[in-house]
Amino acid sequence: MGATADVTLANEMTRAALLKAGLACGLVAVTARAEGLLQLPAWMPWTGASTHLRRSSYAAQLNTTFRIRQDGARPLALTLEKIDDLSGNGAGSDGQFALLFSGPARPAFRQDRNHVVVHPALGRFRLVVFPVGRPTSRQHYEAIVNRLDR
C-alpha cells in the first residue's frame, strides 16, 4: 500500500509541476503578445486581438490621447479627433471606418505595420497610422479599418 501512495504522490507532484509550467508559459505568451513580440491569430477571442478593429471601441475615446510608438523614436502623442465612415459603406459600420488623429508634425514619421499604439482604455495593439494633409503647426494622422463584420 505504501508503494501505491508513493506513485499517487509522484503523479500529483507531476500534475502540479505541469500546471505551474503551463501557467508560466501562458503568462509569458500574454506578455509577449502585449509587447508585440508574439503574433497570435485574430480568431483567438481571449487575446482581445480584434477589439481595436471595432468602431465601438473608439466611440468613447474621442478627444483622448493615443501614444504611437515607432522603431526607436520617442512615442508620438496623438489626439483622436474624429471617426468617419468609409465612402460607399453603410453608416456606422463597426468594422469599416477611419480614425482621424492630430498631433505634432514629425517629418520622420512613416506608414509602418510595426506601429504600436498605447491607450489607457484600449491597451496596446498594432495599427497602421499614416500622416495625411499638409503639416502646419499640427499634423493630421489617419488609420483606416476595413474588415468584414461577422
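These numbers come from a predicted model, not from an experiment. (Residues numbered from 1 in each chain as written. Predicted model: local features only at pLDDT ≥ 70, side-chain atom pairs only at ≥ 80, totals over all residues. Heavy atoms only, no water.)

Right, let's get into the packing of aromatic side chains. Centre distance and the angle of the planes are the two values used to describe a pair of aromatic rings. Applying the stated criterion to the full structure yields three aromatic pairs. Taken together, a centroid distance of 5.3 Å and an interplanar angle of 75 degrees make the contact between Phe-66 and Phe-101 edge-to-face. Placement of Phe-66 in strand β1 (residues 65-69) and of Phe-101 in strand β3 (residues 96-103) is noted, with a sequence separation of 35 residues between them. Of the residues examined, Phe-66 reaches a relative accessible area of 0% and is grouped as buried. With relative accessibility at 1%, the residue Phe-101 sits in the buried group. Counting every residue linked through ring pairs, the aromatic cluster contains Tyr-58, Phe-66, Phe-97 and Phe-101. (Phe/Tyr/Trp six-rings, centres within 6.5 Å; stacked < 30°, edge-to-face > 60°. Helix = DSSP H or I, 4+ residues; strand = E, 2+ residues; numbered from the N terminus. Buried < 20%, exposed > 50% of the residue type's maximum accessible area, 1.4 Å probe, protein only.)

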